[in-house]
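Close look at the chain arrangement
Next come the chains, spelled out residue by residue.
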Protein chains: 2
Amino acid sequence: MNAPLIALSRRLRRTPFSDGVEAAGVKAFTVYNHMLLPTVFRSVQEDYRHLKEAVQVWDVACERQVELRGPDAARLMQMLTPRDLRGMTPGQCSYVPIVDETGGMLNDPVAVKLAEDRWWISIADSDLLYWVRATAIGWRLDVLVDEPDVSPLAVQGPKADDLMAHVFGDRVRDLRFFRFGVFDFQGRDMVIARSGYSKQGGFEIYVEGSDIGMPLWNTLMEAGKSMDVHAGCPNLIERIEGGLLSYGNDMTDDNTPHECGLGRFCNTHTAIGCIGRDALLRVAKEGPVQQIRAISIDGPPVPNCDRWWPIMANDTQVGRISSAAWSPDFETNVAVGMVRMTHWDPGTEIMVNVPGGPHRATVQERFWA
Amino acid sequence: MNAPLIALSRRLRRTPFSDGVEAAGVKAFTVYNHMLLPTVFRSVQEDYRHLKEAVQVWDVACERQVELRGPDAARLMQMLTPRDLRGMTPGQCSYVPIVDETGGMLNDPVAVKLAEDRWWISIADSDLLYWVRATAIGWRLDVLVDEPDVSPLAVQGPKADDLMAHVFGDRVRDLRFFRFGVFDFQGRDMVIARSGYSKQGGFEIYVEGSDIGMPLWNTLMEAGKSMDVHAGCPNLIERIEGGLLSYGNDMTDDNTPHECGLGRFCNTHTAIGCIGRDALLRVAKEGPVQQIRAISIDGPPVPNCDRWWPIMANDTQVGRISSAAWSPDFETNVAVGMVRMTHWDPGTEIMVNVPGGPHRATVQERFWA
């Protein structure tokens, strides 16, 4: 069978940067929050090498924002997550697992605190807007919940600071990790955070107003010519090496944050008001019975992981692989898997039922990068 | 630029029928409720002709179900929609616009009433589960809300009755439109409704349990050989001809049901408890200021409508086209558009800004089929 095409329609929304993405020769898309997300420009391997050596501009407009505005915004935000947000100040970003009443994960976004009464939730792939708005109505909170016209554009790679300084001035270099500042571009305010879905360093620009999208894209591409800037996108290999999880791939609403190794982002005892708090108190105390692990898979490069691959030990299933790719730098197949506690210790040897045949594999102490 | 590929990952869920879809030579997918939905097998034109002459089996597992179970199930169901559901009996299906507190559409599913205290909502492309579950929690309702392992498989086309009778017995012919019955397949109960996203007639089988998916697919394919059965999918041309709207394409949460021409499915005065009722009372009385219309676009076949095309009159925008395709049977471009009331009367001549140049167009009295 030939590789299937993506059927484009208005329902799979274009972004303010789509014209630039197409001009740069995008080869494949995925769909994320009903929006197009590029996945390959030259090849996954070439994009990977370039990301680690130069600088890329990523159309991640699909990280849609859920905006909370009003007197009850902070209260609502705390209802959504077991992370205690009381210490968070305006200008700060926080990775916040969002859980339902059973403690199951509904999304794993970054919360951006613009002001005490104004927040953006920069979401992973699920319609969190529906959950947040229905919660606000059900609890009769005094807050507006909306999706604003804000589209993140990421600048990632070792030369990201240089490129950004060229366009926004040297002050951008002073941003600390997961902090944001407001910068000018052609007379418009842009929220810029030091963050992004790679381990190579960089920024995310929250582009407010679709009309300014292509002017900014073109300015970055022009300014970065001497740095070998290229259009890029979240890279499958690099994000697995770095242990960056993907909602919908590595976890679903069946999983608690603790199963996902996100227990350090939960303050279940003090997160008063969190809808899933009661359900999580037990798991916070006793720990989960399965957890996400870095797993190296032996043998030749594995195929694309488009479905869960069973992890086996003595003919019994003890987990499943959710993401995998051949890593040129570590010369092994790097993978993310959910493993039962009987087999999650580092060094444990397991088998993975890859389509085409079983591979030997080993539970790792940590991710690779 | 070459046509972009779809990047497959576990996050874009496969269905119980994906193996059959691939074996049948699927050429393109879209993503719908985080799941793969085939869009082309031979070509959109060939699939269209075949759908109108024979019978097709469609993998529409992406019409996920939201299940409501418990004493407050009916109350919750009524909170979601302005359609008065009090007259609905078990065994009945209903097309129910779902609205938020402003009357904006969140989904346009079919509700399946299994029993007074058990409903399935067969959803269009948005995470309605999040809205329904947060509503149940916020209002402290006594109801369980979940996505069960139920995957619809549609059998559509003029020979659908013959094929279904061959597999499920002649009793299936007696099903009335939008009614369902329970039928046996290999010892398993299947809910089968006379419904589907085409105007060619047919059925939707709510396949409970992924394991029985491929046995049913294969049985239908084998039984239909003499009827020229083929794998198919919702067809862009046929669904526009028939005026079947698509959530996310033709309407979004900005639109009221009345704007979408769905006022006949709203009983705003008697739908007591509906969350969006207050907001809809005014529009129900005064009518909307824009509404969906069938629009014929003159000239040669238009390209794929992957973004809204402005509808113009005297250099002023008076609406937008959201879906369009060349119709071989009606020998014109058939389209769906939202048009302001100044220009929505049948016969009104307008211009459509199709990429590549403007086309003359005409507002139609009704859809084509």
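All chains use their own residue numbering, which begins from 1 and follows the written sequence. Here the convention is simple: chains get letters from A, ligands get numbers from 1, in the order in which they are written. Totals for whole chains, interfaces and linings use all residues, but because this is a predicted model, local features are given only for residues with pLDDT of at least 70 and pairs of side-chain atoms are given and counted only at 80 or more. Just so you know, side-chain values use all the structure's heavy atoms and leave hydrogens and water out.

1. Describing the UniProt feature "binding site: substrate" (unreviewed entry) in chain A
All names here are of chain A. Following the UniProt record, one finds the feature "binding site: substrate" (unreviewed entry) at Glu204. Secondary structure counts use DSSP, requiring at least four H or I residues in a row for a helix and at least two E residues in a row for a strand, with both numbered from the N terminus. Looking at the secondary structure, you find Glu204 in strand E15 (residues 202–208). If near-sequence neighbours (up to four positions away) are discounted, Glu204 is found in contact with Val60, Glu63, Leu153, Ala154, Val191, Ile192, Ala193, Ser195 and Gly196. UniProt positions are given in the numbering used here, feature names are shortened, and annotations may be inferred rather than shown by experiment. Here, residues are in contact when the closest pair of their heavy atoms is within 4.5 Å.

2. Quick word on the domain arrangement of chain A
Residue and element names in this part refer to chain A. Looking at chain A, the domain boundaries give domain 1 (18–56 + 151–240), domain 2 (65–146) and domain 3 (290–369). In this entry, domain limits derive from an automatic or database-based domain assignment. The centre of domain 1, based on its C-alpha atoms, is set 25 Å off from the matching centre of domain 2. Buried area is a sum: the accessible area each of two parts loses on coming together, probed at 1.4 Å, counted once for each and added. With both sides pooled, the region where domain 1 packs onto domain 2 buries about 1,300 Å², and carbon together with sulfur makes up 58% of that total. Whenever a carboxyl oxygen of Asp or Glu lies within 4 Å of a side-chain nitrogen of Lys or Arg, that contact is scored as a salt bridge. Applying the counting criterion to the domain 1 and domain 2 interface returns one salt bridge. Under the rule applied, a polar contact is a pair of N or O atoms within 3.5 Å (in protein, one hydrogen donor and one hydrogen acceptor; residues adjacent in sequence only if both atoms are side-chain atoms). Counting every contact that joins domain 1 to domain 2 gives seven residue pairs in polar contact (both at pLDDT 80 or more). Of the residues that constitute the side of domain 1 that touches domain 2, the class distribution is eight nonpolar, two polar and two charged. Side-chain classes follow a simple rule in which Ala, Val, Leu, Ile, Met, Phe, Trp, Tyr, Cys and Pro form the nonpolar group, Asp, Glu, Lys and Arg form the charged group, and the remainder, Gly included, forms the polar group.

3. A short note on the confidence of the model for chain A
Along the chain, pLDDT gives the predictor's confidence residue by residue, from 0 to 100. Across chain A, the average pLDDT comes to 97, with 100% of residues at 70 or higher. In the model output, the complex is listed with pTM 0.97 alongside ipTM 0.97.

4. Topic: helix H2 (residues 44–53) of chain A
The buried label applies to any residue whose accessible area, calculated with a 1.4 Å probe on protein chains only, is under 20% of its type's maximum; exposed applies above 50%, and partly exposed to all values in between. When H2(A) is considered as a whole, its buried residues turn out to be Asp47(A), Tyr48(A), His50(A), Leu51(A) and Lys52(A). On its buried side, H2(A) packs onto strand E3 (35–40), strand E4 (56–59), strand E12 (150–156), strand E16 (230–232), helix H7 (236–241) and strand E19 (316–327) of chain A.

5. Thoughts on the interface of chain A and chain B
Tallying the contact residues gives 52 residues for chain A and 52 residues for chain B. Summing the contributions of chain A and of chain B, the shared interface buries around 5,000 Å²; its carbon and sulfur component is 56%. The largest contributions to the chain A side of the interface with chain B come from Arg10(A), Arg11(A) and Tyr130(A), which together make up 18% of the buried area. Where chain A meets chain B, there are six salt bridges. Of the charged contacts in the structure, one is a salt bridge between Arg133(B) and Asp100(A), with a shortest N-O distance of 2.7 Å. One can count 33 residue pairs in polar contact (both at pLDDT 80 or more) joining chain A with chain B. Elements that contribute at least two residues to the side of chain A that touches chain B include exactly strand E1 (5–6), helix H1 (18–23), strand E2 (28–32) and helix H4 (128–138) of chain A. In terms of residue count, H4(A) provides more of the side of chain A that touches chain B than any other element does, nine residues in total.

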